[in-house]
Amino acid sequence: MSALFDSYPQTLPTVPHLAVANPGPILELESKILQANTNIERWFRLKWQDHTPPFYGSVDLRNAGYKIAPVDLNLFPGGWNNLSPQMLPLAVQAAHAAVEHFCCDAKNLLLIPERHTRNTFYLQNVARLAALLQQAGLQVRLGSLSEDITTPTTFDLPNGESLLLEPLVRSKYRLGLANFDPCAILLNNDLSAGIPALLQNLHEQVLLPPLHAGWSTRRKSQHFAAYDQVAEEFARLLGCDPWLLNPFFSSCEGVNFHARQGEDALAEQVEAVLAKIRLKYREYGINETPFVIVKADAGTYGMGIMSVKNADEVRELNRKQRNKMAVVKEGLEVHRVLVQEGVRTIERVQNGVAEPVVYMMDRYVVGGFYRIHGERGTDENLNAPGMQFEPLPFASGCNTPDCRAQPGTAAPNRFYLYGVVARLSLLAAAVELEQTDPARAAMQALAAQPAF
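Attention here is on the structure that accompanies the text. (Residues numbered from 1 in each chain as written. Predicted model: local features only at pLDDT ≥ 70, side-chain atom pairs only at ≥ 80, totals over all residues. Heavy atoms only, no water.)

1. Structural notes on the overall build of the protein chain
Reasoning step 1: Of the regular secondary structure elements, the protein chain holds nine helices and 18 strands.
Reasoning step 2: Out of the 452 residues belonging to the protein chain, those deemed buried represent 56%.
Reasoning step 3: Long-range contacts, defined as pairs at least 24 residues apart, comprise 72% of the intrachain contacts of the protein chain with a sequence gap of at least 6.
Reasoning step 4: Roughly 19,700 Å² of accessible area belongs to the protein chain as shown, and the carbon and sulfur atoms make up 49% of that amount. (Helix = DSSP H or I, 4+ residues; strand = E, 2+ residues; numbered from the N terminus. Buried < 20%, exposed > 50% of the residue type's maximum accessible area, 1.4 Å probe, protein only. Contact = heavy atoms within 4.5 Å. Areas by Shrake-Rupley, 256 points an atom, 1.4 Å probe, with all protein chains shown as cover.)

2. A few points about the packing of aromatic side chains
Reasoning step 1: Counted by the stated rule, this structure contains 15 aromatic pairs.
Reasoning step 2: With a centroid separation of 5.4 Å and 25° between ring planes, the pair formed by Trp243 and Tyr284 is classed as stacked. With Trp243 in the loop between α5 (220-238) and β11 (249-253) and Tyr284 in helix α6 (residues 263-284), the pair connects residues that are 41 residues apart, well separated along the chain.
Reasoning step 3: Relative accessible area serves as the criterion here: at 27%, Tyr284 is assigned to the partly exposed category. (Phe/Tyr/Trp six-rings, centres within 6.5 Å; stacked < 30°, edge-to-face > 60°.)

3. Description of the environment of Gln229
Reasoning step 1: Mapped onto the elements of the fold, Gln229 is located in helix α5.
Reasoning step 2: For Gln229, a relative accessible area of 43% translates into the label partly exposed.
Reasoning step 3: Taking the C-alpha atoms as reference, Gln229 lies 10.0 Å from Pro242; in sequence the two are 13 residues apart.

4. Here's the deal with the nonpolar core
Reasoning step 1: With 98 residues, the main nonpolar core has Phe257 and Val270 as its most contacted residues.
Reasoning step 2: Contacts of Val270, omitting those with residues within four sequence positions, involve Val292, Val294, Val308, Ala311, Val314 and Val339.
Reasoning step 3: Among the nonpolar cores identified, the runner-up in size contains 41 residues, and Leu123, Ala136, Tyr359 and Val366 belong to it. (Core = buried A, V, L, I, M, F, W, Y, C linked by side-chain atoms within 4.5 Å.)

5. Considerations on the side chain of Glu355
Reasoning step 1: Along the chain, Glu355 turns up in strand β16 (residues 352-361).
Reasoning step 2: Within the structure, the side chain of Glu355 is placed 2.7 Å from the side chain of Arg62, a separation counted as a polar contact.
Reasoning step 3: A distance of 2.6 Å separates the side chain of Glu355 from the side chain of Arg371, its partner in a polar contact.
Reasoning step 4: In this view, Glu355 contacts Leu61, Arg62, Phe369, Tyr370, Arg371 and Leu382; residues no more than four positions away in its chain are not counted. (Polar contact = N/O pair within 3.5 Å; in protein donor to acceptor, adjacent residues only side chain to side chain.)

6. Looking at unusual backbone geometry
Reasoning step 1: Between Leu208 and the following residue, Pro209, the backbone shows a cis peptide bond with an omega angle of -20°.
Reasoning step 2: Within the secondary structure, Pro209 is located in the loop between β10 (206-208) and α5.
Reasoning step 3: The residue Gln350 is not glycine, and still its phi comes out positive at about 50°.
Reasoning step 4: Tracing the backbone shows Gln350 in the loop between β15 (348-349) and β16.
Reasoning step 5: Given a relative accessible area of 54%, Gln350 falls into the exposed group.
Reasoning step 6: Despite not being glycine, Asp362 shows a phi value in the positive range, around 55°.
Reasoning step 7: When you line up the elements, Asp362 lands in the loop between β16 and β17 (364-373).
Reasoning step 8: Owing to a relative accessible area of 1%, Asp362 belongs among the buried residues under this scheme.

7. Things to note about the packing of helix α2 (residues 37-50) against α5
Reasoning step 1: In the contact formed by α2 and α5, the axes pass within 11 Å of each other and the chain directions differ by 145°. Seen along the crossing, α2 lies across α5 with a hand that is right-handed. Judged by residue contacts, Asn39, Ile40, Trp43 and Lys47 of α2 engage Val230, Glu233, Phe234, Leu237 and Leu238 from α5.
Reasoning step 2: Each residue belonging to the contact of α2 with α5 can be placed in one class, and the counts come to six nonpolar, one polar and two charged. (Axes fitted to C-alpha atoms, helices over the stretch in contact; angles between N-to-C directions. Left-handed = near helix turned anticlockwise from the far one by under 90°. Nonpolar A, V, L, I, M, F, W, Y, C, P; charged D, E, K, R; others polar.)

8. Description of helix α3 (residues 88-102)
Reasoning step 1: The first and last C-alpha atoms of α3 sit 21 Å apart over 15 residues, in line with the 21 Å expected at 1.5 Å per residue.
Reasoning step 2: Listed as buried for α3 are Leu88, Ala91, Val92, Ala94, Ala95, Ala97, Ala98 and Val99.
Reasoning step 3: Residues of α3 that are buried in the fold lie against α4 (120-135), β16 and β17. (Expected span 1.5 Å × (residues − 1).)

9. Observations regarding α4
Reasoning step 1: The end-to-end C-alpha separation of α4 is 23 Å, in line with the 22 Å expected for 16 residues at 1.5 Å each.
Reasoning step 2: Extensive coverage of α4 is indicated by the burial of twelve of its 16 residues.
Reasoning step 3: Those residues of α4 lying buried are Tyr122, Leu123, Gln124, Asn125, Val126, Ala127, Arg128, Leu129, Ala130, Ala131, Leu132 and Leu133.
Reasoning step 4: For α4, the N-terminal capping position is held by Asn119, with its side-chain oxygen 3.1 Å away from the main-chain nitrogen of Phe121.
Reasoning step 5: Positioned one or two residues after α4, Gly137 has a phi angle of 90°, which is positive.

10. Considering the pairing of β17
Reasoning step 1: In terms of residue burial, β17 counts as a mostly covered element, since nine of its ten residues are buried.
Reasoning step 2: Taken together, the nine bridges between β16 and β17 define a ladder with antiparallel strand orientation. The partner of Tyr359 across the bridge, within β17, is Gly367.
Reasoning step 3: Between the antiparallel neighbours β16 and β17 lie two residues, among them Asp362 with a positive phi of about 55°.
Reasoning step 4: As judged from the four bridges shared by β17 and strand β18 (residues 388-391), these two strands associate in the antiparallel manner. Paired with Ile372 across the two strands is Gln388, which belongs to β18. (Pairing = 2+ DSSP bridges.)

11. Digging into the sheet that holds β10
Reasoning step 1: If you walk across this open sheet you meet the six strands as β5-β6-β4-β3-β9-β10, and the pairing is mixed. Two strands bound the open sheet, and with one partner strand each, they are β5 (153-156) and β10. Between one strand axis and the next, the sheet turns by 30° as a mean value, whatever way the strands run.
Reasoning step 2: Here β5 runs beside strand β6 (residues 162-167); their pairing, made up of four bridges, is antiparallel. Bridge assignment links Thr153 to a residue of β6, and that residue is Leu165.

Given below as structure tokens:
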């Protein structure tokens, strides 16, 4: 692999202009956050004493001008190659902290990527992530779950780098490679297809993130239920309406888009969330049409997702639309969906609709990028074919707001706002993983048994 900081030109992109025409809620929120900067950082510091942050994560944000909210959190982020070189020193420092959290004396780390070895853009992400971890003092090698990798295989990447993937070797209680016994295993594979037997019942090896963070068991509705708790407490700290930071949501089970089952129940949930949004729009004088995003309650890559403005739309899907919603990554059928308040984006970059994606490692914001789509609207999903990425110049701005600047006038303050909301989502993920930990559930069940 080539040097860590050589993959991008050493220039930062122009920060895009935000079309916030009115001094509405988002500027009031920015002002409150700047005024409470010291209290906010202390609040986060205390929260991280009570909760262990995930090893890493990325958050999709939407800034509508009247609110800013996370709309998704990925615990297996796959876009490390989209971060600018100026942000990588922050990532290396955060990697040190993350390793100390889970295995302070770690030497060897096994990185397990997704199976799709033909996606060279994804493999560039793997190369960047491995280089970051090496800079944090780890010997990193790559093991593949793909049945096609039976011998060490080298992949040449478009940027001139190469990547060596090796077949995994499993003993009774440990997982590694030939002549490589790691003390920690980092998954960059979201386990959508289920938990392989190779990863089960490991002893004395730290597995990051834990298996119940994978999409075979995790649910987005669980994350946003935890985010409700976090946002409510944070809003009390600020003295603001939690809705300004939080999208309404509900979930619906028993859905089968192919068989057209569960349509009425889903329509009821859609209408319920739309009704709540309409009340907030009236409260804040927002003259826009409410909409919701209906998406699979598990999964990523922008699959199984649609924008809905009327409950009847879910009853009137044509065959192509039902097929699109029925199956997600790895061919898994969708039977449970999240109905989430739609949050428009007012941001544009290079004449395309844009949304910020914030990357974190341990409890630290380490960078991000704008996801841009020139053929999508402000109320549509941008994680779709045709999207582009523009690195965010976070390095000098995200952690150092200019508290003297007027709200809406300073890019560092906007980036700080992004970072605060992204960290709220990361904190919610920590709470979510604690609440859904199978070991915790087993201990609670044991404690509930009557004593004899």
